[in-house]
Amino acid sequence: MTTPTTTTAPSRWERLRDSYLWYSFKRDRTAQLCFAVFICLVIAAFSAPLLAPTNPYDLAQIDIMSSELPPFWVEGADERFGLGTDAQGRDLLSIILYGTRVSLLIGFGAVILQALLGVTFGLMAGYLGGRVDAFLMRLADIQLSFSTLMVAIVVGAVVKATMGSAFYSQYAVLMLVLIIGLAEWPQYARTVRASVLAEKNKEYVDAARVMGLRSKRIMFRHVLPNTMSPIFVISTVQIANAIISEAALSFLGLGMPETHPSLGSLIKAGFDYIQSGSWWITLIPGAVLIVLVLSINLLGDWLRDVMNPRLYKG
Amino acid sequence: MIAFLIKRLMHAVLVMFVISVLAFAIQDNLGDPVQQMVGQSVPESEREAIRERLGLNDSFLVQYVRFAKNAVQGDFGDSYFYREPALEVIARHLPATLELVFAATLIIVIFSVPIGVYSAIKPRSPLSRLFMGASIIGISIPVFLTAILLIQIFSIGITITLFPESTSWGAWLNGLLSTEGNMPSFGRGYNLVHVVGHWDTNLATWNGLQHLVLPAVSLASIMLPLFIRLIRAEMMEVLQSEYVKYARAKGISMRRVYFVHALKNTMLPVITVGGVQIGTMVAYTILTETVFQWPGMGLMFLDAINRADIPLIVTYLMIVGVIFVVTNTIVDLIYGFVNPTVKLTGKPA
């Protein structure tokens, strides 16, 4: 998580409380609200097995008799299902909770992978320079010129066609993390490289080099900590992007199967029924997705304003 | 300039080479063409003979060279599903996608510049705040969800009964919030006007335009906020610069300062980003076309994936690769022309 209270170890609590970050968080209502919404969604999603009235992964829950029931405020609702049911008769509330968990899991997983790859490559490109830099950045340029979503769709399509749908849906979570992670690492690499270039000629790096430390140690222990704030800022945006990418892939049928749906595959499944008037199957998961992504994006906006004073203008 | 051009072209050729190797590797590893051609009863020895005749036993390199030679001549093999040359299938679907992208670009250009400039000039006005708030909401809604929402509102229609229907103001408010839902949300419509070759246009008839509206708005919805924010940020940066202050001090009318002096330099980064985003739009057409069943390249590609129509998938990848490489090269060249401070030869291509 990229939020101040969770990323900082307790020993740094004092330092955090005096920081500008905490100060501006206390004064910014939007940031507080978004943080609260985001945390609520995360907690609700990850405690889905405790909160959800039913277990949607249990095949016994599928009951065609109670399919397409509307949510409670619409006429014809069934009191057993607060938000109604989907086309297979599964409780929409439960399946949204489980689906949000899948979406968040893939979002976080993909961002961790992106960050690992991107930070490593970015450090190497920025610190080592020369041919390594030229090669890695050219690779990043080319990949970015193809738009990350396109790369993800193509890789997903090819993997699915090669491995077969059954295999693909069995390992869908892993596949999506890999695909989105591999598609978006250049964002991290570029950001890290830019800040490494600014850092590497400073005296403390020279000092470390004169002391005879190995490049690897200087890169990861000395330079990396000083490039953390841009990494922080783009991480929020990247999580939102990864969640959207996952939803898009699932919507195209290249993501989570309907038996273990994410928010994207719920929207896809519901879309087939929207013309017959059952709007809730697609629009309620859609609303959850929008709220989730919006709260992350607003937090990212706030974080960028706070951590990057150069960009801060009105 | 010429050195830059050559460097850029070599770069483009290199990228196309990599794409073609990848595309060929996909073709080579997916499925068995002999299996597709003959039935179950054909003995193994005969299959082997067919394989030999088709050159499938040759080394990867030999096969790739053959593939590349054919590809350069426009021969990508036949689509399994359509039973005709894959390039022909793509050519048939291309105009629909291009029209969609064109309409979306038009919407983006018409709205992003005035809104971006306005919210840069008056960053604290309520209207600017509204635009900025709306833009972050716009960024946060995935394009397929925008499309679904548009369908629900304008094509299916929503009935709001939030206010008491018996009172006249309640009925009026309900009617105001409800929509009729008579916009078409499926395909390109029936009376397209034939222009030339495979190009039937949506732009010439009222019915065609109606079909185009919702898909184009959906496609534009993802880029529009991005450009508004970009133009605003760049414009604010430019407005701080000395030459703008000087122009203002000289007593030039504010409108001229904003729209002639400042806007020129604002558009520089917008051009680079814009070029890249046109490529990104191709990716988003897959989503938009899927929702609206718009018979363009994106929908065709997705169908090809579901049918494991490998020649068509490979051809699509190559064509999209060409589109990306060409737009990126053109954008770089334009950038070099409009911004003479960029030393083209010194700049790594």
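Every value quoted in this text rests on a predicted model; they were computed, and no experiment measured them.

## As for the overall build of chain A
If you tally the helices and strands in chain A, you get 15 helices and zero strands. A principal-axis box enclosing the C-alpha atoms of chain A has dimensions of 75 × 50 × 35 Å. Counting over 314 residues, chain A shows a buried share of 53%. Excluding contacts between residues fewer than 6 apart, the proportion of contacts in chain A whose partners are at least 24 apart in sequence is 71%. Surface exposure of chain A reaches about 14600 Å², of which carbon and sulfur atoms provide 61%. Averaging the coordinates of the 25 positive side-chain charges in chain A and doing the same for the 22 negative ones gives two points 16 Å apart.

## Description of the confidence of the model for chain B
Residue and element names in this part refer to chain B. Here chain B averages 81 in pLDDT, while 92% of its residues score no lower than 70. No element of chain B has a lower mean pLDDT than helix α2 (residues 33-37), at 64, and none a higher one than helix α5 (residues 86-121), at 90. Here residues 344-349 is a poorly scored stretch, pLDDT under 50, and it has 15 contacts once near neighbours within four places are set aside; other chains count. Across the assembled chains, the prediction reports ipTM 0.80 with pTM 0.84.

## Quick word on the packing of helix α6 (residues 126-140) of chain B against helix α9 (residues 206-239) of chain B
Angle between the axes and distance between the axes: these two values describe a pair of packed helices. Residue and element names in this part refer to chain B. Interaxial distance between α6 and α9 falls to 8 Å at its minimum, and their mutual angle equals 135°. As far as their axial angle goes, α9 and α6 are oblique. α9 is crossed by α6, and the crossing has left-handed handedness. Of α9, the residues touching α6 (which contributes Met132, Ser135, Ile136, Gly138 and Ile139) are Ser221, Ile222, Pro225, Leu226, Arg229 and Arg232. Of the residues contributing to the contact of α6 with α9, the split by class is six nonpolar, three polar and two charged.

## As for the packing of α5 of chain B against α6 of chain B
Residues and elements named next belong to chain B. Taken N-terminus to C-terminus, the directions of α5 and α6 make an angle of 125°; their axes are 9 Å apart at the nearest point. It follows that α5 is oblique to α6 by the angle criterion. Regarding α5 and α6, the two cross each other, and that crossing is left-handed. Across the interface between the two elements, Ile115, Tyr118 and Ser119 of α5 pack against Leu127, Ser128, Phe131 and Met132 of α6. Residue composition of the contact of α5 with α6, by class: five nonpolar, two polar and no charged.

Basis of the calculations
- Residues numbered from 1 in each chain as written.
- Chains lettered and ligands numbered in written order.
- Predicted model: local features only at pLDDT ≥ 70, side-chain atom pairs only at ≥ 80, totals over all residues.
- Heavy atoms only, no water.
- Helix = DSSP H or I, 4+ residues; strand = E, 2+ residues; numbered from the N terminus.
- Buried < 20%, exposed > 50% of the residue type's maximum accessible area, 1.4 Å probe, protein only.
- Contact = heavy atoms within 4.5 Å.
- Areas by Shrake-Rupley, 256 points an atom, 1.4 Å probe, with all protein chains shown as cover.
- Lys, Arg positive; Asp, Glu negative; His and termini not counted.
- Charge placed at Lys NZ, Arg CZ, Asp CG, Glu CD.
- pLDDT = per-residue confidence, 0-100.
- Axes fitted to C-alpha atoms, helices over the stretch in contact; angles between N-to-C directions.
- Parallel < 35°, antiparallel > 145°, perpendicular 65-115°, else oblique.
- Left-handed = near helix turned anticlockwise from the far one by under 90°.
- Nonpolar A, V, L, I, M, F, W, Y, C, P; charged D, E, K, R; others polar.

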